[in-house]
Amino acid sequence: MATLVRYNNFPTFFNPFYGRPVINRYQNTTPNVPAVNVKETETAFLLELAAPGLKKEDLKISVENNKLTIGYNSEVKTEESTEKFTRQEFGFTSFERSFRLPKTVNADQIKAAYTDGILTVELPKVEVKEEKLVKEITVA
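Residues numbered from 1 in each chain as written. Predicted model: local features only at pLDDT ≥ 70, side-chain atom pairs only at ≥ 80, totals over all residues. Heavy atoms only, no water.

> Quick rundown of the packing of aromatic side chains? Include the residues and the values.
Applying the stated criterion to the full structure yields one aromatic pair. Note on tyrosine 72 and phenylalanine 95: the rings are 6.0 Å apart at their centroids and 20 degrees apart in plane angle, and the pair reads as stacked. Remark: phenylalanine 95 occurs in strand β5 (residues 86-100) and tyrosine 72 occurs in strand β4 (residues 67-81); sequence separation between them is 23 residues. The ring of phenylalanine 45 carries lysine 125 above its face, with NZ or CZ at 4.8 Å from the centroid. (Phe/Tyr/Trp six-rings, centres within 6.5 Å; stacked < 30°, edge-to-face > 60°. Helix = DSSP H or I, 4+ residues; strand = E, 2+ residues; numbered from the N terminus. Lys NZ or Arg CZ within 6 Å of the ring centre and 35° of its normal.)

Right, here's the structure in full:
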């Protein structure tokens, strides 16, 4: 039986050892998503999202089908007018992060606070009664 050997015909321009191709190496391909710290205490999970300079009115937090979604959407308009021209610029900033919640989280008691550029979301725990996976059946 012959052994298949992978042979790289591409020049070093596309060498996989260098990561991305040279063309894309200096472009930012990661989306602009804030960092999140996740902490667990005895009574709750805490999410801390670094979001400095955002307006808390534009933050949106929702829970649907055991999935927590944190999003931000903002639109900035600037306009400069003179006698000969009018210049308008639009800027849009948005992000969205989703987290699958464990069964031990009480979705009805979730609290959120935004202070000093940090969005803190508290996910309180609920004691879940474990069901027996093995059920014994008597033979009659």
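> Break down the pairing of strand β3 (residues 59-64) for me, with residues and values.
The sheet contact formed by β3 and β4 spans six bridges and is antiparallel. Its bridge partner being in β4, lysine 60 is matched across the sheet by glycine 71. Remark: two residues form the turn of the hairpin made by β3 and β4, two consecutive strands paired antiparallel; asparagine 65 in that turn has positive phi of roughly 50 degrees. (Pairing = 2+ DSSP bridges.)

> I'd like a rundown of the pattern of salt bridges, residues and numbers included.
Scanning the model with the defined rule gives two salt bridges in all. Here glutamate 48 and lysine 39 are joined by a salt bridge, their closest N and O atoms 3.5 Å apart. Assessed through its relative accessible area of 22%, glutamate 48 is described here as partly exposed. By relative accessible area, which is 42% here, lysine 39 ends up partly exposed. For the salt bridge of glutamate 40 with lysine 125, the shortest nitrogen-to-oxygen distance reads 2.6 Å. With glutamate 40 in strand β1 (residues 36-40) and lysine 125 in the segment after β7 (118-124), the pair connects residues that are 85 residues apart, well separated along the chain. (Salt bridge = Lys/Arg side-chain N within 4 Å of Asp/Glu carboxyl O. Buried < 20%, exposed > 50% of the residue type's maximum accessible area, 1.4 Å probe, protein only.)

> Could you give an account of the sheet that holds strand β2 (residues 44-50), naming the residues involved and the relevant values?
Strand order across the open sheet formed by four strands is β1-β2-β7-β6, with antiparallel pairing between neighbours. Each edge of the open sheet carries a strand with a single partner, namely β1 and β6 (111-115). Here the strands of the sheet are splayed against their neighbours by 15 degrees on average, with no regard to which way each runs. Pairing geometry for β6 and β7, over five bridges, is antiparallel. Of the residues in β7, the one forming a bridge with alanine 112 is valine 121. (Axes fitted to C-alpha atoms, helices over the stretch in contact; angles between N-to-C directions.)

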